[in-house]
Amino acid sequence: MTARTVFVALTLLGTAPLGAQTAGAIAGHVRDGITGQPLEGARVAVDSGPFGAITDAAGAYRIRELRSGWHRVRASQIGYQSAVRESVLVQNGGAVTVEFALQPQAVSIAPVTVEARPDVVLDPLATASTQRISGEELRKLPVSSLDEGIALSAGTVGESYRGGRVGEQAFIIDGLGVKNQLGASDGGLGVRLPPDILEEASLVTNGFSARYGQAISGLVNVVTKDGGERWQGRSAYETDRPLPAGWDYGLDRVVVEGDGPLWHGIRALAVFDASGRLDAEPVDAPAPVDPLDPRSASPWLLPHNSAETYDAAAKLTIPVGGRETLRLFGLRSLEQRLLYDPAFKYDALLGPARRIAGSLASAQWQHRASPETRRPLFLDLRFGYYGRDFLRGTATDSEPYRFGAFTGEPLHIVGEEIARAQDTTLARAPVPGLVPPDFSERTPWGVPAFFLGGGSRGEVAWNRFRELRGQADVDLGLGPDADLYFGGSLVRQHVQTFERALGYLPVGDTVPPATAADFSPQIAALYTEWQQRAKDLGFTFGLRYDQFDPRAVLQGGRLGARRTVSPRFAVSAPLKGATFVASWGRFAQAPDFQYLVDAAFDDTARTGRFRRGNPDLGFETATQFEFSVRARPSVGTSLRVNVYVKRLDGLVASVPLGVNPDSSIFGNADFGSVKGVELVAERDFARWWGVRASYTLQQATATATNAFQLLKVIHVDSITGDSTPPARVEFPLDFDRRHSLTVILQAHAPESGPVPLGPVLRGLEAAVIVRYASGLPYSRTNTAGDTLIGLPNSVRLPPQATVDALLRRRVNLFGRSLGVYFDVRNLLNRRNVVAVRRDTGQPAVATATLQAMAQSAYAAHPEPIPYESPRYRPWADLDHNGYVDGSAELMPLYLAAARDFAQPLLDYGPPRLVRLGFEMVF
Amino acid sequence: MRRATTVLSLGMLLTGCHHEAPFAPGGYGSDQPFATGSPRQITFNPGNDRAPAWLPDESGLLYSRQVVSGSDRCLALLPPGGGRVEREICSPGSAISDSTFILTEPAAAADGRLAYVVIVSAPTDKASRAALVLGTLADPAAAQPLLSFPFTAPDTVRLDEASQLRWLDAGSLAYLALHVGYDSARSRDTVRTGAEIVRLELGGATPSMAVVPGTRDASSLAVAGSPDTIYFTLGGDSRVFRRALASGVVSVLFDFGGGQVARDVQVLGNRLVAVVGGAVSFGYEALLGYNVQRDGGGPLHLVDLASGHDSVLPDSVAGVPLFFRRPALAPSGRRLVAEVVTGSVTDLWMLDLP
């Protein structure tokens, strides 16, 4: 540790915080119900456990580090009748205000139970812009995964938050940071949390706690459930099997969850969630016009596009002594997919495939202070292992489906052993088992053009990212008006990559050698955060120190660690029934480690460019200002407005390397900005229904939209040889969605009491999600595709809209609660255009382009097709001479093949997707 | 109880339903020949189709098919009556190398093994290299080389390639070894001519081979079910010989006489088929240094060995003469497939036998 590091660490430890994000708090006052005077020394207890607090001289109390979820709060004082608040919802990162007024009494009598109405909207101490969804809500909405649930939040476009690139977010699972630092921008996490294990998930998009780093645009904060105090569970099966053709995309999903007490207070929870789909990414593309196209008869399912996922999670909650709790959590996810490739759609046996396995294991030891202590201290020690194993290439003989899209067998990828051994020497020879593709003979058109088969793309890509993380978090209560948080984390990581392109050919002039990398980066962080309340004002100060060291050897030496300090500040105040929050923060994240290594991740195969990794990359940073107002216009409604400006800097982009136009290197060269307004209006669920609407107006611009976009930092004049820096024009980013509106409507008819149309509506649950989003930007080019028209991303796709609905009916059978539900996505079957051709601005290819494609293919293969050839098509042999030959016979086939190949299938969003579900709650 | 039964039935009904299947390409070919009658053309490849050989159960017909877009040749499997090629076996090297790969002379055994010859020539090679390989019809990619050419036989004859592979039994093969030369007077045309017949025993760790005596300048080879008997013809000779391999006794099975050159013999029971006469020449070629039989095809003769009756099979279609080569008599004896030479292109034709 350098002197500078020591200095920064000491500085941090001496300063102060903002609310932690894994748990919430309950705060308030206990007063005399007659006089209104504060009661000092009153005891406030939560549930039946050790959580609680003693009120101070002002009657104030604050109970910290409560796990999110429903709690029972009891206030008691000698000489007063105790009061109980049932069902107090604690949300992570928030503080619930619960006020008590105790009635004096002469003798002890039973406590009075009252309904709590905690108000998190007006909580003046919640400075973060947090949008939450509970596990229970997830099950009531037409969403199937945590990602889908988070995407309902304002400011999200897929996995882009507030206009940032994908990968600028981090996941916090039970307080432990989890990020695929190798390839967050294009790789995903690799582990999926089954919705049934969730207590609550939230998206934090502004001044998130200094406790968390490795993100500059958002935090997805997930809290898992603890096992319950009695055995309970849920099992469900969803499918679209009985639905008619066109509604059946081969879905089967099985969920089993169970939790309950074991012994000695130990509670357990286990979930298994498996999903299979024959068409994992269905598209709502128009049926082809040519009746000979086999898709014209069954235009819905795409071949070789199936997926199966398996997620299993288990958790043990072990009380240790009176105030310590140990939580052990494990999660294993496996996804294996056949990847639809239009070129292989008729001959997909050796089509591309992918397998991703993720593992997460964590242990949390939590110490809680005694309720009586004036300066309560909470200590969390966490240790975690996270691993992600990614493999993509050619599936060997695909395993047969056993049930729906489930194979029950691991998908084997050709060359997997060479990749895992990172044997670049052996990989100079053709990879055994890989065969070069030839033009498919199985197409309706027969001609040797466009469609491939008999071989594969020849790619073998493997990478593995593993990390061990240790983390300590301390929450020190400085009385009811102040909290101090501090802690740090140390992460040891291991990165291994391998990629071989065109593996069926030996390495040579046109075939780049295999690339491999193996290094062990290290990330460390320290933070401190101080939260101070002064009357109704809340102040939060945070400071975070991050460093990462790739520890990669470069030209015989090693580069040192990169360091950065990120201050954060927020102030909140109630005014005229509303709460105002202003925040400012600087955020930093280490770049994806994929940009530190050469080539990699099929960039070479995709763009034809050879890209050099740069181990000398530094932090990507963002600075964000936000002003928000939260108010309750009426008792049951709330309104939130967030206005923000975010400045991004040092984002990774590709810059030319030397004068070779096909050679580039990654650098911290991109900058940009995001501005936006978010409006969230909500009517609390009451009297059968509730509604939540969120609208986002946003503008996101930068000089590069992703790390692979070539950024020219120097222009060399071809005549004079002079070098000049070109204008660094910011243009709309890929995720610059200007307008987005999401409305969630929920209704639930009670199971008892007067209900109109009782037999029909009683116990019926309904949820509808309406989404409207203006189009994302794209770049127009000329017909040849080699010249941009206007600035990049200066044209926009048409807007998209969907209506999703879930209808659930519960019935009781043999004392069990059974449920039947219909889950419908894109109810109106609106055909959303999600991409277009850059040359036409439409999904369809221009007729002239089709003609040129066909002409070019015919010129390459004008040879006649004899009768015995698998390419011979009797209907095309117009003169019945045993040959399909000559332009008159061959060109119609080439034209039909071109039209087929150019079908813009993937330019359309999903069609109406219906699933029928059965569940049993026990 | 009724509700429980209903729920259970519904659950079983759901899981019993089948999902829709994605679209798939249809079948676009036929297992019937394009033409009817006898003889009828069964391949129309603009390239050369050669060396037909029946599967032992007559369920298909293997041959060497020239790839239209190049010089490579693959083995192809046709339905027994002709029609669309069902399978094609090509060298994996074809797609990754600029060398020419020729797979030819297929011979399928009853147990599914498949012997054939691979000829490889790189653009810079002065001469091609060949190997006799053994695989299986089910997994031709796993073929292993049995013998590499060229080599010098024990009788000091240099043998460059193998052709007309014949299974004697499960453990032995016989083949017609070839001389391969390059006729520089004719733009380096490759000249292949029979050298002698070789027997190959597969039983040991490495195959052992023996030249069959008295077969110098052999031009064709046939077997007829007995592992001890081969039938062969010699260059420039009108006779068909039978040789008992164990005893070494050689006899004349049939003599077409009249100074005609008989070759490409096939024998099945009392039936003998051979190409006799036609566009054939035999003689010593000083440039190459050995006897050469050049064969442009000829008429097919069918001989009833019991009666000695020799008949010429139809040798023209619509007045156009057909020049046959390399007939392959079907195991049933009811039909045969032969090469027909038309100019520089060779296609396969099928004839029904009386």
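About the cut-offs
- Residues numbered from 1 in each chain as written.
- Chains lettered and ligands numbered in written order.
- Predicted model: local features only at pLDDT ≥ 70, side-chain atom pairs only at ≥ 80, totals over all residues.
- Helix = DSSP H or I, 4+ residues; strand = E, 2+ residues; numbered from the N terminus.
- Buried ≥ 20, exposed ≤ 12 C-beta atoms within 10 Å, placed from the backbone.
- Contact = placed C-beta atoms within 7 Å.
- Expected span 1.5 Å × (residues − 1).
- Pairing = 2+ DSSP bridges.
- Axes fitted to C-alpha atoms, helices over the stretch in contact; angles between N-to-C directions.
- pLDDT = per-residue confidence, 0-100.
- Parallel < 35°, antiparallel > 145°, perpendicular 65-115°, else oblique.
- Left-handed = near helix turned anticlockwise from the far one by under 90°.
- Nonpolar A, V, L, I, M, F, W, Y, C, P; charged D, E, K, R; others polar.
- Core = buried A, V, L, I, M, F, W, Y, C linked by C-beta atoms within 7 Å.
- Arc of directions from axis to C-beta.

Peer 1: Summarise the overall build of chain A; cite the residues concerned and give the values.
Peer 2: A tally of regular secondary structure across chain A gives 8 helices and 54 strands. Burial analysis of chain A (922 residues in total) assigns 49% to the buried set. At a minimum sequence separation of 6, the contacts of chain A that also span at least 24 residues come to 70%.

Peer 1: Help me get a handle on the overall build of chain B, residues and values and all.
Peer 2: A tally of helices and strands in chain B yields 1 helix and 30 strands. Counting over 354 residues, chain B shows a buried share of 43%. The long-range share in chain B, meaning contacts at least 24 apart out of those at least 6 apart in sequence, stands at 44%.

Peer 1: Please provide a residue-by-residue account of helix α8 (residues 886–901) of chain A, values included.
Peer 2: Residues and elements named next belong to chain A. Between its first and last C-alpha, α8 extends 22 Å over 16 residues, near the 22 Å set by a 1.5 Å rise per residue. Three or more residues of α8 are buried, namely Leu 890, Leu 893, Tyr 894, Leu 895, Ala 896, Ala 897, Ala 898, Arg 899, Asp 900 and Phe 901. For α8, the elements touching its buried residues are α7 (847–860) and β53 (883–884).

Peer 1: Give me the lowdown on the sheet that holds strand β12 (residues 161–169) of chain B, citing residues and values where you can.
Peer 2: Across a sheet, paired strands are connected by hydrogen bonds in the backbone, their directions being either parallel or antiparallel. Residues and elements named next belong to chain B. As summarised here, the arrangement of the 4 strands in space is β12-β13-β14-β15, forming an open sheet in which the pairing is antiparallel. Both outer strands of the open sheet, β12 and β15 (208–211), are each paired with one neighbouring strand and no more. Sheet twist, expressed as the mean angle between neighbouring strand axes with direction ignored, is 35°.

Peer 1: Now, about the confidence of the model for chain B: what can you tell me, with residues and values included?
Peer 2: Keep in mind that low pLDDT regions are not for reading the predicted coordinates in detail. Looking at chain B, the pLDDT average stands at 88 and 93% of residues meet or exceed 70. We note a pTM of 0.83 for the whole complex and an ipTM of 0.88 for its interfaces.

Peer 1: Report on the pairing of strand β24 (residues 377–394) of chain A, specifying residues and quantitative values.
Peer 2: Residues and elements named next belong to chain A. As judged from the 16 bridges shared by strand β23 (residues 352–367) and β24, these two strands associate in the antiparallel manner. Note on β24: the bridge partner recorded for Ala 363 is Phe 383. Strand direction decides the pairing type here: β24 and strand β27 (residues 460–477), joined by 16 bridges, are antiparallel. For Leu 391, the partnering residue across the bridge sits in β27 and is Trp 462.

Peer 1: Hey, could you go over the pairing of strand β50 (residues 800–813) of chain A for me, with residue numbers and the actual values?
Peer 2: Residue and element names in this part refer to chain A. With 10 bridges connecting them, strand β45 (residues 764–773) and β50 associate as antiparallel partners. Along β50, the bridge assignment pairs Ala 767 with Leu 806. Connecting β50 to the next strand, strand β51 (residues 816–825), in antiparallel fashion are 2 residues, including Phe 814 with a positive phi near 55°.

Peer 1: Describe the sheet that holds strand β24 (residues 300–304) of chain B, and please don't skip the residues or the numbers.
Peer 2: Residue and element names in this part refer to chain B. Read from one edge of the open sheet, 4 strands run β20-β21-β24-β25, paired in antiparallel fashion. Bordering the open sheet on either side are β20 (262–268) and β25 (309–312), each of which pairs with just one other strand. Pairwise comparison of adjacent strand axes, ignoring direction, gives a mean angle of 20° for this sheet. For β20 and strand β21 (residues 271–276), the ladder comprises 5 bridges, and the chain directions are antiparallel. Among the inter-strand pairings, Ala 262 is bridged to a residue of β21, identified as Val 276.

Peer 1: Run through the packing of α7 of chain A against α8 of chain A, naming residues and quoting values.
Peer 2: Residue and element names in this part refer to chain A. Where α7 contacts α8, the axes come no closer than 8 Å and their chain directions differ by 125°. Between α7 and α8, the angle is such that the two are oblique. The hand of the α7/α8 crossing is right-handed. Here Leu 850, Met 853, Ala 854, Ala 857 and Tyr 858 of α7 come into contact with α8, specifically with Leu 890, Met 891, Tyr 894, Leu 895, Ala 898 and Arg 899.

Peer 1: Account for unusual backbone geometry, naming residues and giving values.
Peer 2: Most of the time, phi is negative for any residue but glycine, and the peptide bond is trans. Here the amide bond leading from Ser 38 of chain B into Pro 39 of chain B is cis, since omega sits at 0°, within 30 degrees of zero. You can see Pro 39 of chain B is positioned in the loop between α1 (2–16) and β1 (40–41). A cis amide bond links Phe 149 of chain B to the next residue, Pro 150 of chain B, at an omega of 0°. One can find Pro 150 of chain B in the loop between β9 (144–149) and β10 (151–152). Positive phi outside glycine occurs at Asn 829 of chain A, with the angle close to 55°. Classification of Asn 829 of chain A by C-beta neighbours within 10 Å gives partly exposed; the count is 16. Its identity as a non-glycine residue notwithstanding, His 880 of chain A has a phi of 50°, on the positive side. On the secondary structure map, His 880 of chain A appears in the loop between β52 (865–866) and β53.

Peer 1: Mind laying out the interface of chain A and chain B, listing which residues take part and the relevant values?
Peer 2: Much of the literature gives interface size as the accessible area that the parts lose upon coming together. Contacts between the two partners involve 42 residues from chain A and, on the opposite side, 30 residues from chain B. In the side of chain A that touches chain B, the residues fall into 24 nonpolar, 9 polar and 9 charged.

Peer 1: Let's hear about the nonpolar core: which residues, and what values?
Peer 2: Ranked by internal contacts, the top residues of the largest apolar core, which has 112 residues, are Phe 171, Ile 172, Ile 173, Leu 193, Leu 219 and Val 222 of chain A. If you look at the next biggest cluster of nonpolar residues, it comprises 89 residues, including Val 118, Ala 162, Leu 348 and Trp 349 of chain B.

Peer 1: Describe in detail the confidence of the model for chain A, supporting the description with residues and values.
Peer 2: Residue and element names in this part refer to chain A. Confidence in the prediction of chain A, expressed as mean pLDDT, is 84, and 88% of residues score 70 or more. Taken element by element, chain A is modelled with least confidence in helix α1 (residues 3–14), mean pLDDT 35, and with most confidence in strand β20 (residues 267–277), mean pLDDT 96. The model gives residues 1–21 a pLDDT under 50, and that stretch makes 61 contacts with residues more than four places away or in other chains. For the stretch residues 600–609, pLDDT sits under 50, and the model shows 24 contacts to residues farther than four places along the chain or on other chains.

Peer 1: Lay out α7 of chain A with the relevant residues and their values.
Peer 2: Residue and element names in this part refer to chain A. Compared with the 20 Å implied by 1.5 Å per residue over 14 residues, the 20 Å span of α7 between its first and last C-alpha is a close match. Within α7, burial applies to Met 853, Ala 854 and Ala 857. Each buried residue of α7 sits inside an arc of 95° when the element is viewed along its axis, so together they form one side. For α7, the exposed residues set more than 90 degrees away from the buried face come down to Ala 848, Ser 856 and Ala 859.

Peer 1: Mind laying out the environment of Gly 155 of chain A, listing which residues take part and the relevant values?
Peer 2: All names here are of chain A. Its place among the elements puts Gly 155 in the loop between α3 (146–150) and β12 (156–157). Once the C-alpha coordinates of Gly 155 and Thr 205 are considered, the two residues, 50 residues apart in sequence, prove to be 8.4 Å apart. In contact with Gly 155, not counting residues within four places along its chain, are Tyr 161, Arg 162, Thr 205, Gly 676, Glu 678, Thr 696 and Gln 698.

Peer 1: How would you sum up the environment of Asn 463 of chain A? Please name residues and give values.
Peer 2: Residue and element names in this part refer to chain A. You can see Asn 463 is positioned in strand β27. Assessed through the 26 C-beta atoms surrounding it within 10 Å, Asn 463 is described here as buried. Leave out the neighbours within four places in its chain, and Asn 463 touches Leu 182, Phe 390, Gln 496 and Thr 497.

Peer 1: Before we move on, could you go through the environment of Ala 274 of chain B and cite the residues and values that matter?
Peer 2: Residues and elements named next belong to chain B. Position of Ala 274 among the secondary structure elements: in strand β21. For the pair Ala 274 and Phe 324, spaced 50 residues apart in the sequence, the C-alpha separation amounts to 9.5 Å. When sequence neighbours within four positions are dropped, the list of residues in contact with Ala 274 reads Val 240, Ala 262, Arg 263, Asp 264, Val 265 and His 301.

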